[in-house]
Amino acid sequence: MKLKSEAIAIYIYLVFAYAVVLFCYGFFPLSFSPPTKSTNYDLPSSIDNFKLDPTAYKPRISRAVLMVIDALRIDFTEQKENMPILSRLLTNGSACKYRLQVHPPTVTMPRIKAMTSGAVPSFLDVILNLGSPEMKLDTFIYQMVQQQRKIVFYGDSTWTSMFPDSFIRKGPNVDSLYVNDFYEGDRNITSKMRTEFSKYDWKLMVLHFLGLDHIGHVEGPYSDKVPSKLKEMDEVIGEIHQAMALWTEKFYTKPLLVITGDHGMRDSGGHGGSTHPETYVPLIVVGNDCARSDELFLQIDLAPTFATLMGVAIPHASIGSLIHPMMNRLTPLDRMYAAHYNAKRLIDKANQFYFDTLKEQDFYIQYKEAKLLHTMALQHPEDVSILQKVLDKYSNVSRNLCQLLIKHYIRYDMLCIFISILICISVCVIGISLLLIPQSFSYIDVNISFIQWMLITIIGLYAKFSLQKYNILESELVQNSYISNSLALIIFSVIYLNWSFIVALKRLINLSKLKSIIHYGIAGKIMLFGAVFHTISFASSSFIEEEHQTWLYLSKTLFLLLTVLEFTVMNRTIAEVKQEKSNPIVLRICKRDRSKFCIGSVLFFCGHIILKRWNQTGDKWQHIPDIGDWLITEDNKQWLSLVLAFGLFYLVVTMGKLTGLLTTVLSITACFLVYYYRAMTGVVDLFGIILSRSNSCLTIFWINILEIFFIGFLPKLYRIIRGETCSKSSHMLINLITISALVSALIHKPHNVLLVPALIRTSQHVALRIDHIAVGNQERVILKILAHLWLGKLFYFYQGNSNNLATIDLNAGYVGLNQFDMTRVGLFLTLNTFNGQILAFTMLVYHLLNDASDKQNDTNSAQGDRSLTLRYFLKLQALFVMIPLTFYIIIVTLMRNHIFVWTVFSPKIIYEVFYVALTFLKLAIGYFIL
């Protein structure tokens, strides 16, 4: 069977994408805990033949309010001027504050799961956060419903998605993900809350306020809107505290108010990462029976503690410890019973995995000592000293077991991981082989035999069923299910096809071609070194956190090298002109061009020095203020207005050199509308004019975008309808670049608009340098492809992005929206986050198409160059993604027990998976256009 090399290139990338998904399936299990539910029969009835009374385990509070303030940082609660009521309660002993540590990922849905179930959520829950599927694990919410304890809820709709039938009354925010809502949603929650004060049919009220989190996403923790929002939350706390006094008169036991944050907020705004401000939140208990403590607790400790206070069974999935300072309202004997109950649960859980080895641990000996002291305390209840020893030992045992179980529940499907790595390596080998075969082999003769495929499939299925029968390996792939069998068939087919391609390409490999690629001048060597260095750097967690430094160094080195090489070419040309003693006008023109080039290069490098400091990124220097931080402050609003105006003007001038008159006029109108929209939202000034808040300007903007699209599309459509041959030109592509640039300007942060024309100008500058120094079309194509791949990465980090999920600018997804729309939000977020890669790709295709169009007169040459361009485009684009990511998943597999596996390595995988999908789309578009 003969196949085109381009088809094989597309095939290996599709297979690579499949292998990456398979790796994620093995590396990110969806659930660590079984859906088993606890019952009251689980309550211990004896301790070492000493009978206990399970009926004494009962509610210790009449009703409770769980108030979750989204993105509440610890330092927010320390601002006495913004939260005076809370400060007074803490000072007079009516409330106690504790510190909770949150496990990554710091996004809402996994954190609600942790708070209510006591289980550590899967890292992949960060993706499920948008969908918020129904909760299957055992939670204290479920336990209360089983005991007929009624619950009401108002706030984030994530709760109603996770617990659809658990609340007797509920008022979810219609658009919890709409981050531009700072006040209305919270006011609705407060209004609904007040109606519940006079109702006595509920035992738990859950409130989840979102305004503070939304302010953090849009303006950051130092926004001038944060103090007023904290005062608003403080007033809500005051209202609940006043209502608690009335409830105390109504009920025999006292009520309880618990205030906490689901996660924190990073210093630059947003969340999702693992920085200290994101992973440490306050836990404030309002009630006269709490005790102060400086101890650090885990967020998963809240579930067993809340269950104990409410008198319901501790959730089966819980691996948390009890927060003993919260339990002062329990009698000493009840506190010991609760501590024993939770410790015994954790011991039973650990026994399922560690068996006899558990008894060799020091904390197991402490557990036996605690039980012994417990029986002594029951026999001598008047001895207070024994009580404290019992609680200390139980607490120490629970904490050690908690850490042990957290490590165990991080399980990997090693068979999926191993097979995915094997497939990734094989497709990389095929990709490199395609790069090394002579250009004359446009078709590859591959020997594919149905009998051989059947034989491999039969052997593979036999091995699969053997593993399942004898329970040799725990993996989803060996289960006897439709999905498992389908995956197995795909894997066997892919392995056979990959092997067939490797055998076919092995005969055609020309190693001398590798030497020719390496010998593509010093620029080619630098790019080859950069690709290798970038790949190897993934072995270091620090290099992953600070990946922007790698791209800054490599890109600036490339820019400097291209500048020096062209300067050398100019000097050589001037020397030759002098030596030939030709027309002095020619010499003067050459010297003038050199002077212009030197001035332009100086300005070019000065511009990039400024862009480097535009947005601070990474981890180590994230806290250092940058130009963007300075511009977005209210005091510098006029400077931000000037920067936005200059950025839009620069964009019009840059695009005007590529587009026609009508498109330029429409671009000017669109840029004015972008500025008008930002002025309308109060971000920038428009001559001091206060504008009405209407989205009509955006309606006109999108009409302009459609007009620009049809200007490029309609002539092509007209020629197709008439049956005329449509030559491949860059006119339609220029309009698409213009549309991408204008939409980017709309959704970018105002100070980042300048990056859009800066990227386009940098692309033009680099492409021109390569045209002047490259020897031959092949070298020019390779250098342009690799240079634009680097350029996309560079501007990705210029924009302030990183390998941390917290740097995703959610506000970009809601520009012009009044409610959540998954399609539009997803499209805007993708275009904003990966704007550098997308624009660099479109500029690359533009340059390659222009190079091919320049040779239209020579049909054979043009056809040959277009074929060469397409082959290198597909191969290099794919290899640039496949080889580094293959190396990275191998490193992640080897370092799966590393301390930073969930905080550094895992977020990078999620970014790379998304980039794999984006690259496939780029390859498809490039194949169609080129």
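My aim in this report is to walk through the structure given alongside it, one point at a time.

Check the secondary structure of the protein and you find 33 helices and twelve strands. Here the C-alpha atoms of the protein give a radius of gyration of 32 Å, agreeing with the 30 Å that 2.2 N^0.38 yields for 930 residues. Over its C-alpha atoms, taken along the principal directions, the protein stretches across nearly 110 × 75 × 55 Å. When burial is assessed residue by residue, the protein has 56% of its 930 residues classed as buried. For the protein, the accessible area works out to roughly 40200 Å², and carbon and sulfur atoms hold 62% of it.

Quick look at the sheet that holds strand β9 (residues 256-260) now. Hydrogen bonding along the main chain pairs the strands of a sheet, whether they run parallel or antiparallel. With respect to topology, eight strands assemble into an open sheet ordered β7-β6-β8-β4-β9-β10-β5-β11, the strand pairing being mixed. Two strands lie at the open edges of the sheet, namely β7 (169-172) and β11 (296-298), each paired on one side alone. Between one strand axis and the next, the sheet turns through 20° on average, direction left out of account. In the sheet, strand β6 (residues 151-155) pairs with strand β8 (residues 204-209) via five bridges, with the strands oriented parallel. Along β8, the bridge assignment pairs Tyr154 with Leu207. Packing against the sheet, helix α9 (residues 226-250) makes contact with β4 (64-69), β8, β9 and β10 (280-286), and its axis sits at approximately 175° to β4.

Taking 1.5 Å of rise per residue, the 18 residues of helix α13 (residues 362-379) would be expected to cover 26 Å, and the 26 Å separating its terminal C-alpha atoms lies within 8% of that figure. Of the residues making up α13, those classed as buried are Phe363, Tyr364, Tyr367, Ala370, Lys371, Leu373, His374, Thr375 and Ala377. Residues of α13 that are buried in the fold lie against β2 (46-47), β3 (50-51), α12 (332-354) and α14 (384-409).

Here we come to the pairing of strand β5 (residues 95-101). As judged from the seven bridges shared by β5 and β10, these two strands associate in the antiparallel manner. Residue pairing for β10: Tyr98 is matched across the bridge by Leu283. As defined by bridge partners, β5 adjoins β11 across three bridges and the pair is classed as parallel. Paired with Gln101 across the strands is Leu298, a residue of β11.

Summarising burial for β10: seven of the seven residues are buried, a large majority. Of the two faces of β10, both are covered, the one formed by Tyr280, Pro282, Ile284 and Val286 as well as the one formed by Val281, Leu283 and Val285. The sheet contact formed by β9 and β10 spans four bridges and is antiparallel. Its bridge partner being in β10, Ile259 is matched across the sheet by Ile284.

What follows covers the nonpolar core. One finds Phe16, Phe27, Leu651, Ile785, Phe795, Phe873 and Met882 to be the most contacted residues of the largest nonpolar core, which totals 158 residues. Considering every element that reaches this core, the biggest residue donor is helix α32 (residues 859-894), with 16 residues. If we ignore the near neighbours within four places in the chain, the residues touching Phe795 are His608, Leu611, Leu755, Ala758, Leu759, Thr762 and Gly836. If you look at the next biggest cluster of nonpolar residues, it comprises 83 residues, including Ile319, Ala339, Ala377 and Leu387.

Attention shifts here to the state of the cysteines. By definition, a disulfide links the sulfur atoms of two cysteine residues through a covalent bond. Evaluated as defined, the whole model comprises one disulfide. Across the disulfide from Cys96 sits Cys290; the S-S distance is 2.1 Å. Here the S-S torsion is close to 80°, and the disulfide linking Cys96 with Cys290 is therefore right-handed. With Cys96 in strand β5 and Cys290 in the loop between β10 and β11, this residue pair connects regions lying 194 residues apart in the sequence. Among the residues examined, Cys290 registers a relative accessible area of 14% and is labelled buried. Cys671 takes part in no disulfide bond, and the closest cysteine sulfur, belonging to Cys697, lies 13 Å away.

By convention here, two paired aromatic rings are described through the distance between centres and the angle between planes. Counted according to the given criterion, the structure contains 40 aromatic pairs. Between the aromatic rings of Tyr13 and Phe920, the centroid separation amounts to 6.4 Å while the plane-to-plane angle is 0°, which identifies the pairing as stacked. On the criterion of sequence distance, the pair formed by Tyr13 in helix α1 (residues 5-27) and Phe920 in helix α33 (residues 901-929) is long-range, its members being 907 residues apart. Phe920 gets classed as partly exposed once you look at its relative accessible area, which sits at 32%. Look at Phe795 and Tyr798: their rings are 5.0 Å apart centre to centre, the planes differ by 85°, and that puts the pair in the edge-to-face class. Here Phe795 and its partner Tyr798 are both found in helix α29 (residues 777-798), three residues apart, which amounts to about one turn of the helix. Judged by its relative accessible area of 3%, Phe795 is buried. Following the ring pairs from residue to residue traces out a cluster consisting of Tyr796, Phe797, Phe834, Phe914 and Tyr915. Residue placement shows Arg63 over the ring face of Trp202; its charged tip is 3.5 Å from the ring centre.

Attention now goes to the pattern of salt bridges. Counted under the stated rule, the structure contains 20 salt bridges. The salt bridge partner of Lys393 is Glu369, with a shortest N-O separation of 3.0 Å. Of this pair, Lys393 sits in helix α14 while Glu369 is found in helix α13, placing the two residues 24 residues apart along the sequence. According to the relative accessible area criterion, Lys393 is partly exposed, its value standing at 24%. When its relative accessible area of 35% is taken as the criterion, Glu369 is described as partly exposed.

What follows deals with a nonpolar patch on the surface. A contiguous nonpolar surface patch, about 470 Å² in accessible area, is contributed by Leu706, Phe710, Leu714, Leu717 and Ile721. Relative to the helices and strands, Leu706 is located in helix α26 (residues 696-721).

The next thing to look at is unusual backbone geometry. For the bond from Pro104 to Pro105, the omega torsion is 5°, close enough to zero to count as cis. Position of Pro105 relative to the elements: it lies in the loop between β5 and α3 (108-117). Not every positive phi belongs to a glycine, and Gln148 is a case in point at roughly 65°. For Gln148, the location among the structural elements is in the loop between α5 (140-146) and β6. Judged by relative accessible area, which is 67%, Gln148 ranks as exposed.

Relative to each other, helix α21 (residues 547-580) and helix α28 (residues 755-773) sit at 45°, their axes nearing to 9 Å. What the angle tells us is that α21 and α28 run oblique. The crossing of α21 and α28 is left-handed. Of α28, the residues touching α21 (which contributes Phe559, Leu562, Thr563, Leu565 and Glu566) are Thr762, His765, Val766, Leu768, Arg769, Ile770, His772 and Ile773. Partitioned by chemical class, the residues of the contact of α21 with α28 number seven nonpolar, four polar and two charged.

Our next topic: the environment of Thr833. When you line up the elements, Thr833 lands in helix α30 (residues 822-833). Counting along the chain gives 242 residues from Thr833 to Lys591, while the straight-line C-alpha distance between them is 43 Å. Polar side-chain contacts of Thr833 include one of 2.8 Å to the backbone oxygen of Leu829.

The contact between α1 and helix α17 (residues 482-506) brings their axes to 12 Å, and the two run at 140°. With respect to α17, the element α1 is oriented oblique. Considering how the two elements wind past one another, α1 and α17 form a crossing that is left-handed. Counted together, Ile8, Tyr11, Val15, Tyr18 and Leu22 of α1 and Leu487, Ile490, Ile491, Val494, Leu497, Asn498 and Phe501 of α17 form the full contact between these two elements. Across the contact of α1 with α17, the residue classes break down as eleven nonpolar, one polar and no charged.

Conventions and cut-offs
Residues numbered from 1 in each chain as written. Predicted model: local features only at pLDDT ≥ 70, side-chain atom pairs only at ≥ 80, totals over all residues. Heavy atoms only, no water. Helix = DSSP H or I, 4+ residues; strand = E, 2+ residues; numbered from the N terminus. Rg over C-alpha atoms; globule rule 2.2 N^0.38 Å. Buried < 20%, exposed > 50% of the residue type's maximum accessible area, 1.4 Å probe, protein only. Areas by Shrake-Rupley, 256 points an atom, 1.4 Å probe, with all protein chains shown as cover. Pairing = 2+ DSSP bridges. Axes fitted to C-alpha atoms, helices over the stretch in contact; angles between N-to-C directions. Contact = heavy atoms within 4.5 Å. Expected span 1.5 Å × (residues − 1). Core = buried A, V, L, I, M, F, W, Y, C linked by side-chain atoms within 4.5 Å. Disulfide = S-S within 2.5 Å. Phe/Tyr/Trp six-rings, centres within 6.5 Å; stacked < 30°, edge-to-face > 60°. Lys NZ or Arg CZ within 6 Å of the ring centre and 35° of its normal. Salt bridge = Lys/Arg side-chain N within 4 Å of Asp/Glu carboxyl O. Patch = residues over 30% accessible without salt bridge, like charges linked within 9 Å, V, L, I, M, F, W, Y side chains within 5 Å. Parallel < 35°, antiparallel > 145°, perpendicular 65-115°, else oblique. Left-handed = near helix turned anticlockwise from the far one by under 90°. Nonpolar A, V, L, I, M, F, W, Y, C, P; charged D, E, K, R; others polar. Polar contact = N/O pair within 3.5 Å; in protein donor to acceptor, adjacent residues only side chain to side chain.

Purely geometric numbers; function is a separate question.
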